[in-house]
Amino acid sequence: MAATKTLRASLLGLLLMLLCASSASAYSRRACQAPTRNPLAGCPHGTLLVGPAQKYTTVQGAVLSLGNTTTAATILILPGNYTEQVNVTRQGPLTLLGQTSHPNDATKNTVNIIWHNATGTATTGTYDNAYTSVLTIAPTFNSSATGSGPSGTPVEAGTPFGNYNFRVYNLNFINDYLPYSAGPSLALSMSYANAGFYYSQFLSYQDTVYVGKLGNAYMYSCIVGGQTDFFYGFGTLWVTDSQVKLRGCGGGITAWKGSNTTFVNHYGVYIHNGVVEKANSTLNITHQCALGRPWNAQHRSIFANNYLDDSIKPSGYIQWSATDPRVNSNTTMAEYKDFGPGFNLTGRLEASNITIEMTPEQYALYDRPAKVFQYPSGVFGNVAWIDQHPQA
């Protein structure tokens, strides 16, 4: 019976992804996003428009109007600052587009979705990190909760998979609670979903991006900024051709919590072909930032073929803490062919009990998305939801 349910869920997900791919191929993203007198002229039929003087003045209002259907939908958002939280629970494929004349350049985005919240501070009190996020993609609140302890918040049995194909182009998600790391303040939270982000920005200071249980996230040509553990989670995140902006140094860039499963899993964060550098030249953080630290001893993160500026510690990675290292034979804190002033081979070798410099054979297990993204059943190759040709 369990195998039958898993098969049905996989088939439903594949069908939904094919429907979204068919819809995406029917229009030009550049034409839809271009500022014109009639904003929807180049968009798919039925596209919803969000803007100050439109039927929908908030992104969340447009999302809620779609209902929890399996129909593919597109929302175009006009330039401006939108102070709101966006919560997506629907299974049906959904694409959010920011209007722009520069659809292949995240630095020129014109749409900012902003929220101001954190947890664990004297002002806010303490509640789950999920309450703070600017954008949340998950079928239920329970499935999006971070929780605590070795395995976090247990997800209720029978929880359905959420959105099978969620896409964002040219939007900025900003949690600006305070201009420093004061407590978890998420820009993105996604779990039990497949989500692709293209030419978008995610900015906060602590725990900027959370990819939770059964979450699969792909980022292409994005900008992600943070200070403390700003890529964290349980699921799988692939970041490529992107900019990682260090807004300070605290904890690590990555902090992942591995999970025990009945199948081999490659849950973790993979940062490829990018640039890791201080957010601005005024920051005095030379050799102070760690590539990561283990949220638990099954942490897995790999930085591959990235330029690292001189902010990175000579050791690369670090232990969780001196009294609670959380490093053992199951810990994978690794690099492959990183370069730049932040790559110190001598320092890495001196910390070889923490930082792994992978061989080509070791890296080959994780060298492309199809080798790390899995269906809920554990089968690899869950990549049909990724936009393989995102350039407009």
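Residues numbered from 1 in each chain as written. Predicted model: local features only at pLDDT ≥ 70, side-chain atom pairs only at ≥ 80, totals over all residues. Heavy atoms only, no water.

Take the packing of aromatic side chains next. Following the criterion strictly, the structure yields 21 aromatic pairs and no others. Ring geometry for Tyr 127 and Tyr 131: centres 5.8 Å apart, planes at 80 degrees, overall edge-to-face. With a relative accessible area of 44%, Tyr 131 lands in the partly exposed category. The interplanar angle of 45 degrees and the centroid separation of 6.1 Å between the aromatic rings of Tyr 198 and Tyr 218 together place this pair among those described as tilted. Of the two residues, Tyr 198 is situated in strand β11 (residues 193–198) and Tyr 218 in strand β14 (residues 215–220); the sequence distance between them amounts to 20 residues. (Phe/Tyr/Trp six-rings, centres within 6.5 Å; stacked < 30°, edge-to-face > 60°. Buried < 20%, exposed > 50% of the residue type's maximum accessible area, 1.4 Å probe, protein only. Helix = DSSP H or I, 4+ residues; strand = E, 2+ residues; numbered from the N terminus.)

Before going further, it helps to spend a moment on the pattern of salt bridges. For the structure on display, the rule yields 9 salt bridges. Where Lys 278 meets Asp 309, a salt bridge forms, and the shortest distance between an N and an O atom there is 3.4 Å. In this pair, Lys 278 sits in strand β21 (residues 275–278) while Asp 309 sits in the loop between β23 (307–308) and β24 (332–336), placing the two residues 31 residues apart along the sequence. Note that Arg 348 and Glu 335 form a salt bridge whose closest N and O atoms lie 2.5 Å from each other. Highlighted residues: Arg 348 in helix α5 (residues 345–350) and Glu 335 in strand β24, separated in sequence by 13 residues. Exposure remark for Arg 348: the relative accessible area of 1% places this residue in the buried category. For Glu 335, a relative accessible area of 0% translates into the label buried. Overlapping salt bridges, with partners in common, bring together Lys 278, Asp 309 and Asp 310 in one network. (Salt bridge = Lys/Arg side-chain N within 4 Å of Asp/Glu carboxyl O.)

A few words on the pairing of β11. By the criterion of burial, β11 is predominantly enclosed, with 6 of the 6 residues buried. Neither face of β11 is exposed, since Ala 193, Ala 195 and Phe 197 on one face and Asn 194, Gly 196 and Tyr 198 on the opposite face are all buried. With 4 bridges connecting them, strand β8 (residues 166–169) and β11 associate as parallel partners. Counted as the bridge partner of Phe 166 is Ala 195 from β11. Of the strand pairs in this sheet, β11 and β14 are connected by 6 bridges, and their pairing is parallel. Within β14, the residue paired with Ala 195 across the bridge is Ala 217. (Pairing = 2+ DSSP bridges.)

Spatially, 6 strands are ordered β4-β7-β10-β13-β16-β19 in an open sheet, and the strand pairing comes out parallel. Strands with a single pairing partner mark the edges of an open sheet, and in this sheet they are β4 (86–88) and β19 (254–256). Between one strand and the next, the sheet's axes are offset by a mean angle of 10 degrees, whatever the strand orientation. The pairing of strand β16 (residues 231–233) with β19 spans 3 bridges and is parallel. By the bridge assignment for β19, Phe 231 is matched with Thr 254. (Axes fitted to C-alpha atoms, helices over the stretch in contact; angles between N-to-C directions.)

Attention shifts here to the nonpolar core. With 85 residues, the main nonpolar core has Phe 197 and Phe 231 as its most contacted residues. Once residues lying within four places of it in the same chain are set aside, the contact partners of Phe 197 are Leu 135, Ile 137, Phe 166, Val 168, Leu 188, Phe 202, Ala 217, Tyr 218, Met 219, Tyr 220 and Cys 222. (Core = buried A, V, L, I, M, F, W, Y, C linked by side-chain atoms within 4.5 Å. Contact = heavy atoms within 4.5 Å.)

Following the criterion strictly, the structure yields 2 disulfides and no others. A sulfur-sulfur distance of 2.0 Å marks the disulfide that ties Cys 32 to Cys 43. Residues Cys 32 and Cys 43 are joined through a disulfide that is right-handed, its torsion about the S-S bond being 95 degrees. Here Cys 32 is found in helix α2 (residues 29–33), whereas its partner Cys 43 is found in the loop between α2 and β1 (48–50), with 11 residues between them in sequence. We classify Cys 43 as buried; its relative accessible area is 12%. Shown here is the disulfide that connects Cys 249 with Cys 289, its sulfur atoms set 1.8 Å apart. A torsion of -70 degrees about the S-S bond marks the disulfide between Cys 249 and Cys 289 as left-handed. With Cys 249 in strand β18 (residues 243–250) and Cys 289 in the loop between β21 and β22 (300–304), this residue pair connects regions lying 40 residues apart in the sequence. A relative accessible area of 3% means that Cys 289 is categorised as buried. (Disulfide = S-S within 2.5 Å.)

Coordinates in, geometry out; function isn't part of it.
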